[in-house]
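Take a look at the letters that make up each chain.
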Protein chains: 2
Amino acid sequence: MKVNFKNFLIGLFGFFWILTATIASALAADPLASWNDGKAKQSILEFVEKVTRPDSPDFVPLAERIATFDNDGTLWSEQPMYFQLFFALDRVKALAPQHPEWKNQEPFASLLQGNVKQALAGGEKAILEIVMVTHAGMTTEQFEQIVRDWIATARHPKTGKLYTEMVYQPMLELLKYLRSNDFKTFIVSGGGIEFMRPWTEKVYGIPPEQVVGSSIKTKFEMRDDGPVLVRLPEINFIDDKEGKPVGINSHIGRRPLAAFGNSDGDLQMIQWTTAGPRAHFGLIVHHTDSEREWAYDRQSHIGRLDKALVEARAKGWTIVDMKNDWKVIYPPAK
Amino acid sequence: MKVNFKNFLIGLFGFFWILTATIASALAADPLASWNDGKAKQSILEFVEKVTRPDSPDFVPLAERIATFDNDGTLWSEQPMYFQLFFALDRVKALAPQHPEWKNQEPFASLLQGNVKQALAGGEKAILEIVMVTHAGMTTEQFEQIVRDWIATARHPKTGKLYTEMVYQPMLELLKYLRSNDFKTFIVSGGGIEFMRPWTEKVYGIPPEQVVGSSIKTKFEMRDDGPVLVRLPEINFIDDKEGKPVGINSHIGRRPLAAFGNSDGDLQMIQWTTAGPRAHFGLIVHHTDSEREWAYDRQSHIGRLDKALVEARAKGWTIVDMKNDWKVIYPPAK
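Remember, it's a predicted structure, so these values are computed and weren't measured experimentally. (Residues numbered from 1 in each chain as written. Chains lettered and ligands numbered in written order. Predicted model: local features only at pLDDT ≥ 70, side-chain atom pairs only at ≥ 80, totals over all residues. Heavy atoms only, no water.)

Let's talk about a nonpolar patch on the surface
Let me state the cut-off plainly: Patch membership needs two things, relative accessible area over 30% and no salt bridge, and members are linked within 9 Å if like-charged or within 5 Å if nonpolar (Val, Leu, Ile, Met, Phe, Trp, Tyr). For the accessible areas, the method is Shrake-Rupley and the probe is 1.4 Å, while residue cover comes only from the protein chains on display. We count a salt bridge whenever a side-chain nitrogen from Lys or Arg sits within 4 Å of a carboxyl oxygen from Asp or Glu. Numbering of helices and strands runs from the N terminus; a helix is a DSSP stretch of H or I covering at least four residues, while a strand is a stretch of E covering at least two.
Taken together, L128(A), I235(A) and I238(A) make up a surface patch of nonpolar side chains, about 240 Å² in accessible area. Relative to the assigned elements, I235(A) resides in strand β5 (residues 226–237).

Below you can see the structure in the form of structure tokens.
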């Protein structure tokens, strides 16, 4: 077979042209498909373009593209109470047979009678007691297995969904979009670090080493069958409010470029992030959708959004109006 | 121009064949060129092959390939005292004009008279005092700049080298080799986390978020010109001995596959790493080269290697005989 080499070359170039165009078109498919067109979506796209376009004056090298996400109320729902508290209450019930004394001891007595409100009336002290008896006293590996078993089966009392099905589809797209632009995505949550790590990789694509959270102390012990880390009933670190920049500094060691939250607990994280010398981005998810999710802000005991909303408006941080900015809340049922 | 298409194709395939062969050959170039052939080098190559070959029964998925490295004595030298202590002493001298009271106050008085031995005679308490006055009382950003300035200029009293020139060339190759096999490499050091982070990325290719170390507490403060993190004169965490598995669990959240150390301070890290259910690897750098570096183990006050050497032999961990296993110690002068 003979062929005109020039024509062959033209054909070859044509092939690559089509290939390139196809790839470009695939890349151009809307990465935030569950976001309605509007200011929130536009601000995200503009920020990412600004820090990633090589000839942009705000270009940021790959290694420094760090984005931090609160979890409760930012990546998944948090009403009518933090999902980790549902976990703790289920654990109290599971452990009750080994603790006959709980029948006459608050907050456990009320809890076991099904009166959650009464049990939590003891405030922070009651919650701390519940967390300690359910989160400490076992090895890290045992706790991980307990969380895995619970998260695979427990269902939300209102929606009947698995808790991991109550993650926000628009935020899953945002995480993926940032990673496709070479951002390293971290969770920085007031929730327990070891409560999140067993499932964040599968659900959010965020590996354990990129999860920052509150923690209790652990202790290395050499046992007959080998070394273990034992979880102690003692607070190590509270990763909330002023604690979030501290946790970020401790775990990440550099200032994020972008931070995403939904409550006053995220205020200092966003302040810290947006105080950097480079281009930066702060975003608040405002829960405005009482129909598809929940609507709450200033008056809520869970995820109160008050000061951070005022500051977001004053500083021009992006505010997501959940009802109007999100086409869907949760991922489609599988 | 006309050309026989079949011949053209053959030529094209030939070109790709040569290209492929060239790449393969480049990849086959010895990744551990500064290691002498011997048991230590062989054991590293065999371990990596075992966990990375797709059809190996010990194959480990990419995300779980975590390797942890001690720093002092494992990645760089640590004699005649930890390099961070040289930093602290230099800072005492720099700060002395602002502290006239130090002239009559130990350990500072002896230090300022050049009598380091006398100053450190106060043991841990004296060292802690020196560390606190030199490492706390400024913002995290100010401290980072102080470290950057020092590490760029300070020189080792014996070798006259920059401290970052006293890193081990064979270990640099090992870090690179592991990363080229999709390992994520972490530092897990008794040294200060914020003393290491400003330079580990450039020197070791290890980014700040993959550095675990000892730390003092920090505090978020909103100042007139924005938020800062202030370094407090209070120990937060000691990442040594039993602390290393705790630090690994806190920062990484999964058990390493391989751990590299040189002293009893690394014993628990290697115990923890090698107790995992999968293939694992533990390595001890034994300082045996009094000519090119230093020779010390059981009797040394810095980097004592006693129990970990006994256990390494009993458990079959790899022991690097620095004198015989390493062709060179430090990278060639630039």
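Quick look at the packing of aromatic side chains
All names here are of chain A. Our working rule: Any two rings among Phe, Tyr and Trp, with Trp reduced to its six-membered ring, count as a pair given centres within 6.5 Å; such a pair is stacked if its planes are under 30 degrees apart, edge-to-face if over 60, and tilted if neither. Partly exposed describes any residue whose relative accessible area lies between the buried limit of under 20% and the exposed limit of over 50%, with all areas from a 1.4 Å probe on protein chains only and scaled to the type maximum. Only lysine NZ and arginine CZ atoms are considered, and such an atom sits over a ring when it is within 6 Å of the ring centre and within 35 degrees of the ring normal.
Tallied over the full model, the rule gives 40 aromatic pairs over all chains. Taken together, a centroid distance of 6.4 Å and an interplanar angle of 80 degrees make the contact between F195 and W199 edge-to-face. Of the two residues, F195 and W199 are both situated in helix α9 (residues 193–204); the distance of 4 residues between them amounts to about one turn of the helix. The burial state of F195 is the same as that of W199; both residues are buried. By the ring-pair criterion, three or more aromatic residues cluster together here, those being W76, F83, F86, F87, F143, W150, Y163, F195, W199 and Y204. Above the ring of F143, the side-chain terminus of R231 is found at 4.0 Å from the ring centroid.

Some remarks on the side chain of D325(B)
All names here are of chain B. Put simply, the rule is: Under the convention used here, Asp and Glu are negative, Lys and Arg are positive, and both His and the chain ends fall outside the count. By definition in these notes, contact holds between two residues if any of their heavy atoms fall within 4.5 Å.
For D325, the position within the fold is in helix α13 (residues 322–325). K39 is the oppositely charged side chain nearest to the buried, salt-bridge-free D325, at an N-O distance of 8.9 Å. What D325 contacts, discounting residues up to four positions off in sequence, is S34, W35, N36, A40, I319 and V320.

A closer look at the packing of helix α3 (residues 83–95) of chain A against helix α6 (residues 123–135) of chain A
Residue and element names in this part refer to chain A. Quick reminder of the rule: Axis lines are fitted through C-alpha atoms, for helices just across the contact stretch, and the angle between N-to-C directions can take any value from 0 to 180 degrees. Helix crossings fall into two classes, left-handed where the near helix is turned counterclockwise from the far one by less than a right angle and right-handed where it is turned clockwise. For this classification, Asp, Glu, Lys and Arg are treated as charged, while Ala, Val, Leu, Ile, Met, Phe, Trp, Tyr, Cys and Pro are nonpolar and the rest, including Gly, are polar.
Close contact between α3 and α6 brings their axes to 9 Å; oriented N to C, the two are set at 65 degrees. In the crossing of α3 with α6, the sense of the turn from one axis to the other is left-handed. Along the contact surface, α3 presents Q84, L85, F87, A88, L89, R91, V92 and L95, while α6 presents I127, I130, V133, T134 and H135. Its residues assigned to classes, the contact of α3 with α6 shows 9 nonpolar, 3 polar and 1 charged.

With respect to the packing of α9(A) against helix α10 (residues 243–251) of chain B
Our working definition: Any angle that is under 35 degrees is reported as roughly parallel, and any over 145 degrees as roughly antiparallel; angles of 65 to 115 degrees are reported as roughly perpendicular and all others as oblique.
Contact geometry of α9(A) with α10(B) gives a least axis separation of 10 Å together with a crossing angle of 60 degrees. Taken together, the axes of α9(A) and α10(B) lie oblique to each other. Between α9(A) and α10(B), the residues in contact are I193(A), E194(A) and R197(A) and N249(B), S250(B) and H251(B), respectively. Residues that form the contact of α9(A) with α10(B) fall into these classes: 1 nonpolar, 3 polar and 2 charged.

Brief notes about the interface of chain A and chain B
Here is the rule: Defined here as a combined quantity, buried area equals the accessible surface (1.4 Å probe) lost by two parts on assembly, summed across both.
The interface is formed by 39 residues belonging to chain A together with 41 residues belonging to chain B. Taking both partners together, chain A and chain B bury about 3400 Å²; carbon and sulfur atoms supply 56% of that area. Counting across the chain A and chain B interface gives 8 salt bridges. A salt bridge links R255(A) to E141(B); the shortest N-O distance between them is 2.9 Å.

Side note on the relation of the copies chain A and chain B
Note the threshold: Only residues with pLDDT of at least 70 in both copies count here: their C-alpha atoms drive the least-squares fit that superposes the copies.
By a simple turn and slide, chain A fits onto chain B: the slide is 0.0 Å along the axis, the RMSD is 0.0 Å, and the turn is 180 degrees. The operation mapping one copy onto its partner corresponds to a two-fold rotation axis. A share of 100% of interface residues in chain A that are also interface residues in chain B marks the association as one of identical surfaces.

Things to note about unusual backbone geometry
Cis geometry is adopted by the peptide bond preceding P107(A), which originates at E106(A) and carries an omega value of 5 degrees. Relative to the helices and strands, P107(A) resides in the loop between α3 and α4 (108–112). The residue after Q79(B), namely P80(B), is reached through a cis peptide bond having omega 0 degrees. Its location among the elements puts P80(B) in the loop between β2 (66–69) and α3 (83–95). Here the phi dihedral of D182(A) falls at roughly 65 degrees; this positive angle occurs in a residue that is not glycine. Its location among the elements puts D182(A) in the loop between α8 (169–180) and β3 (184–192). Given a relative accessible area of 39%, D182(A) falls into the partly exposed group. For K241(B), which is not a glycine, the phi torsion comes out positive at approximately 50 degrees. Structurally, K241(B) can be placed in the loop between β5 (226–237) and α10.

What about the pattern of salt bridges?
One pass over the full model with this rule turns up 44 salt bridges over all chains. A salt bridge links E129(A) to K125(A), with the shortest nitrogen-to-oxygen separation between them at 3.4 Å. You can see E129(A) and its partner K125(A) sitting in helix α6, 4 residues apart, about one turn around the helix. A salt bridge links R223(A) to E221(A); its shortest N-O distance comes to 3.2 Å. With relative accessibility at 34%, the residue R223(A) sits in the partly exposed group. Relative accessible area serves as the criterion here: at 27%, E221(A) is assigned to the partly exposed category. One continuous salt-bridge network, built from bridges that share partners, spans K184(A), R254(A), E201(B) and E209(B).

Things to note about helix α6 (residues 123–135) of chain B
All names here are of chain B. Condition: What a helix should span is 1.5 Å times the count of its residues minus one.
Taking 1.5 Å of rise per residue, the 13 residues of α6 would be expected to cover 18 Å, and the 18 Å separating its terminal C-alpha atoms lies within 8% of that figure. Buried within α6 are the following residues: A126, I130, M132, T134 and H135. Taken together, the buried residues of α6 touch α3, α4 (108–112), α5 (116–120), α7 (140–153), β4 (211–223) and β5. Count one or two residues on from α6 and you reach G137, which has phi positive near 95 degrees.

What about the environment of P208(A)?
Residue and element names in this part refer to chain A. Along the chain, the position of P208 falls in the loop between α9 and β4 (211–223). For P208, a relative accessible area of 8% corresponds to the buried category. A C-alpha to C-alpha distance of 9.4 Å links P208 and I187, two positions 21 residues apart in sequence.

Observations concerning the pairing of strand β7 (residues 281–288) of chain B
Residues and elements named next belong to chain B. Heads up, the rule is: One bridge is not enough; two strands pair if DSSP finds at least two bridges between them. Viewed with both strands pointing away, a crossover whose connecting path from the first strand over the helix to the second turns clockwise is right-handed.
The buried fraction of β7 amounts to 7 of the 8 residues, a majority that puts the element mostly inside the structure. As judged from the 4 bridges shared by strand β6 (residues 258–261) and β7, these two strands associate in the parallel manner. Following the sheet pairing, G261 is matched in β7 by I284. Handedness of the β6-helix α11 (residues 267–274)-β7 crossover: right-handed. As paired elements, β7 and strand β9 (residues 318–321) share 4 bridges and run parallel to each other. Pairing of H286 across the sheet is with D321, part of β9. Pairing of β7 with strand β8 (residues 295–296), which is carried by 2 bridges, proceeds in the antiparallel orientation. What sits directly across from T288, in β8, is A295. Count of turn residues in the β7/β8 antiparallel hairpin: 6 residues.

Observations concerning the confidence of the model for chain A
Defined as follows: On a range of 0 to 100, pLDDT expresses the predictor's confidence in each residue.
Confidence in the prediction of chain A, expressed as mean pLDDT, is 93, and 92% of residues score 70 or more. Both scores are given for the predicted complex: the pTM is 0.91, the ipTM 0.90.

With respect to the environment of Y204(B)
All names here are of chain B. With respect to the helices, strands and loops of the structure, Y204 is situated in helix α9 (residues 193–204). The class of Y204 is buried, set by a relative accessible area of 2%. For the pair formed by Y204 and L175, sequence separation is 29 residues and the distance between their alpha carbons is 7.5 Å. Setting aside anything within four residues of it in sequence, one finds Y204 in contact with N71, L75, W76, V167, L172, L175, R179, I187 and W199.

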